[in-house]
Amino acid sequence: MTRDELRTVVETIRAEMIGPGVAPQPLSDEVRLVEIDFHSLEFSEVALHVEDTIGKELNFDARPMREVATVGDLLDFLLGLVKDAGRG
Amino acid sequence: MPAVADLPGIDNWVFAQGHRGKWSSMRVAARPPVAALLVPDQRDALAAAWAHLQMGGVETLIADERRVDRPLRAALIADGFQVIDGSAGVADTVPRDPIAGRLWLLTSGSTGRPKRVAHTFASLAAGANAAAGQPHRRWLMGYAAGTYAWWQMTTLSLLQPGQDLVALEPAERAIWPEIAEREGITAVSGTPTFWWRAVLHHWERLCRLRIEQVSLGGEPVEQSLLDRLHEALPRARIWWAYASTEFGTSIVVRDRRAGFPIEWLQQHVPGRPALRVSQGELWLEAPAGSGTFQRTGDRASVVGDRVLLTGRVSADEINVGGAKIAASTIRHVLSQHPAVAWVRASARKAPIIGQAPVVDVVLQSPIAAGELRRWCAERLPDYGVPRRFEILGEIPETLAGKSHV
C-alpha cells in the first residue's frame, strides 16, 4: 500500500466516525490525531483495514503509538508496518 | 409406551428421499443390537428410528454420516457400537450387551464437537405426548437426522394420529417453500436460519403457502423474524421452542414474541421446567420437578418484561482493550435495525486493543455499512461498536440447519 492509500483509509474511517453519507475530508500530515478523536480504537480499526487490504496480519502494541501524534506520523508508522509485513 | 403395532401414528404418512408410505410400511433391516447408524439421508434415518422401536431392547445412535468424523467414529467403535454407514465393512468392535432401549443423540453443545447424550424413546417423546389432540397436519421438517429437534418431530408423527411427516434433505432446505407447496404442507418446523432463508429468498411463495402452524427452534429467535413470519402467514400459529438436548426438556413460547415472559422465572408449571437466570446465563430445572438446576450455557438477558435468549455464553465475550462487550449484545442491537435479517458478531484479533468486535450481516433491504455503524454508535459504548462490517449475500448454514450466531 502507498502512503496515499493509507491516507485514504484514515480519511474514510474519520468520515464514518462522523456519520453515514459523510464524504471523507482531506487530512493533511499536520493534523493532530487528538483533534480528530483518533485513539486506540481508531488506530486498531485502521490496522484492520490495512490487514484486509494486504492480506497479512500487522503486529504491534501501544508503545510505539506514543510517538505518533499527527496524521503524518501515523502514515509513516503504518507504511513501516506494511513494508515489514511484505518482507515477512 | 404402547406396543409398536398400537402406536397411534402408525398410519401417518412419511415422505423422505423417495419413500412415500405409512410408518407401518417402512422396511426394517437387520442390524446388530448395539449400533451407530450413520445415515446418508432422511429415509434411512426414519427407517432406523422405526427399526429401533420394532426390534425393542436394542441400543441405537442415529446421525447424519457427515456429522461423524474419523475420531468420533473410532470412539463409537471403542465404546462397543457396530458402526453401520456407507463405507464397506464393519470395523472391529468388541460386542457387548445393549443398554435396552437406549437412544444416543449427538449434540454440539458449547464446543462445536459432537458429544453423546443418553435418551430413550420415552424421554424424547415427552413433547409429542403433550401435543395430543392436534388437528390433522402435514408437517415439513428441516432438521438434521438424529438431532433432538428431529426426534421431537419423529416422535410426534409416531405417537399422534394425523401427523404426516415430510423430511427434507439438507440440500432441499434452500427450496423448501417449493416442496411445501407441492406436498400440501400445513405445518412447518425448522431453525430460525431455515425460516430466514425463506423470508429473504422465497417471500412470494412463502406467502401463498397454506400453513396453519409455524414452529421454530434450535437457535435464538429474533423478534424481527417472528414479525416477518406473521406478515407472510397471518393465519398461522407461530410458536418457538427452546430445548436442551442434554436435559431432554423444552419450553414453548406461543405469544409471537422473542424471549419468554419474565413471570416464567417465578412459576412452577407442570410439564415445564422451572427457569432461572444467574449471571447472565439460563439455568433449567432438570429433571423437571427435581428442584435441581443445571447450567445451560445459553446467554439470557432480562429486557423489560421478557427474558431474551441471545446466544452461547462461551462464545460471547469480546475483550476490547480491557473493556468487555458481549457479542450477543451487539447482535441484539443490530438485529433490531429494520434492514437487518441476520447478524453474527465475533471477536477479531486486533493490534493495540487485543480484540475488536466485527460483524457479518445479511440484509432484508439495502443499506450502507456506515448506517449500521451509526445505529450501533447510538446504542453501544464506543468499544462495542463493530470495527468491520461484512455484508453477506446469504445466511451461512451448517449441516444441522443452524448458523452458529
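The residue numbers shown here count from 1 along each chain, following its written sequence. All chains are assigned letters beginning at A, and all ligands numbers beginning at 1, according to the order in which they are written. Note on the predicted model: pLDDT of at least 70 is required for a residue's local features to be given, and 80 or more for side-chain atom pairs to be given and counted; whole-chain, interface and lining totals, by contrast, use all residues. To obtain the side-chain values, all non-hydrogen atoms of the structure were included, while hydrogens and water were left out.

Colleague: Before we move on, can you summarise the sheet that holds strand E16 (residues 281-285) of chain B with the specific residues and values?
Modeller: Residues and elements named next belong to chain B. When DSSP finds two or more bridges between a pair of strands, those strands are recorded as paired. Helix and strand definitions here come from DSSP, where helices need a minimum of 4 consecutive H or I residues and strands a minimum of 2 consecutive E residues; each element is numbered from the N-terminal end. Across the sheet, which stays open at both edges, the five strands sit in the order E14-E18-E17-E16-E15 with antiparallel pairing between neighbours. Looking along the sheet, the strands with just one partner apiece sit at the ends: strand E14 (260-261) and strand E15 (275-278). The pairing of E14 with strand E18 (residues 306-312) spans two bridges and is classified as antiparallel. Considered in E18, the bridge of Pro-261 is made with Arg-306.

Colleague: Which residues make up empty space enclosed by the protein, and what values go with them?
Modeller: All names here are of chain B. A pocket here means an open set of points on a 1 Å grid, computed over the protein atoms alone, that has protein on both sides within 12 Å along at least five of seven lines. A cavity is instead a set of points where a 1.4 Å probe fits but cannot get out; residues with an atom within 4 Å of a point line either one. Grid points are joined across faces, edges and corners, and a volume is the space filled by probe spheres set on the points. According to the stated counting rule, one finds two cavities of 30 Å³ or more in the structure shown. Volume-wise, the largest cavity comes out at about 90 Å³. Going through the elements one at a time, helix H7 (192-201) and strand E21 (340-350) are the ones with two or more residues in the lining of the largest cavity. Looking at the lining of the largest cavity, the element that brings in the most residues is H7, giving three residues. Reported here for the second largest cavity is a volume of approximately 40 Å³.

Colleague: Can you lay out the interface of chain B and chain A for me, pointing to particular residues and giving the numbers?
Modeller: Pairs of residues are marked as contacts when any of their non-hydrogen atoms sit within 4.5 Å. Across the boundary between the two partners, chain B contributes 16 residues, which contact 21 residues of chain A. Take the accessible area each of two parts loses on contact, using a 1.4 Å probe, and add the two losses: that sum is the buried area. Summed over both sides, the interface between chain B and chain A buries roughly 1600 Å², with carbon and sulfur atoms accounting for 60% of that surface. On the chain B side of the interface with chain A, the three residues burying the most area are Pro351(B), Ile352(B) and Arg387(B), jointly 40% of the side's total. Any Lys or Arg side-chain nitrogen located within 4 Å of an Asp or Glu carboxyl oxygen qualifies as a salt bridge. Connecting chain B to chain A are eight salt bridges. Note that Glu57(A) and Lys349(B) form a salt bridge whose closest N and O atoms lie 2.8 Å from each other.

Colleague: Report on the confidence of the model for chain B, specifying residues and quantitative values.
Modeller: Residues and elements named next belong to chain B. Averaged over every residue, the pLDDT of chain B is 91; the share at 70 or more is 96%. Residue-level confidence of the predictor, termed pLDDT, takes values from 0 up to 100. When pLDDT is averaged over each helix and strand of chain B, the minimum, 81, is found for helix H4 (residues 126-129) and the maximum, 97, for strand E9 (residues 163-167). Reported confidence for the predicted complex is 0.90 by ipTM and 0.86 by pTM.

Colleague: Give me the environment of Ala126(B): which residues, what numbers.
Modeller: By secondary structure assignment, the location of Ala126(B) is in helix H4. Along the sequence, Ala126(B) and Pro170(B) sit 44 residues apart, while their C-alpha atoms lie 26 Å from each other.

Colleague: Describe the packing of aromatic side chains, and please don't skip the residues or the numbers.
Modeller: Residue and element names in this part refer to chain B. Two aromatic rings from Phe, Tyr or Trp, using only the six-membered ring of Trp, form a pair when their centres are within 6.5 Å; if the ring planes differ by under 30 degrees the pair is stacked, by over 60 it is edge-to-face, and anything between is tilted. In the structure shown here, the tally under the stated rule is nine aromatic pairs over all chains. Taken together, a centroid distance of 6.0 Å and an interplanar angle of 35° make the contact between Trp-23 and Trp-50 tilted. Of the two residues, Trp-23 is situated in the loop between strand E2 (19-22) and strand E3 (34-39) and Trp-50 in helix H1 (residues 42-55); the sequence distance between them amounts to 27 residues. Between buried and exposed lies partly exposed: a residue is buried under 20% and exposed over 50% of the maximum accessible area for its type, with that area taken using a 1.4 Å probe on protein chains only. The exposure class assigned to Trp-23 is buried, which follows from its relative accessible area of 0%. Ring geometry for Phe-194 and Trp-195: centres 5.9 Å apart, planes at 85°, overall edge-to-face. The same class applies to Phe-194 as to Trp-195, namely buried. An aromatic cluster is defined as three or more aromatic residues linked by ring pairs; in this entry it consists of Trp-176, Phe-194 and Trp-195. Cation over ring: Arg-379 sits above Trp-375, and NZ or CZ is 3.4 Å from the ring centre. Here, over-ring charges are defined by two tests on the NZ atom of lysine or the CZ atom of arginine: distance to the ring centre within 6 Å, and angle to the ring normal within 35 degrees.

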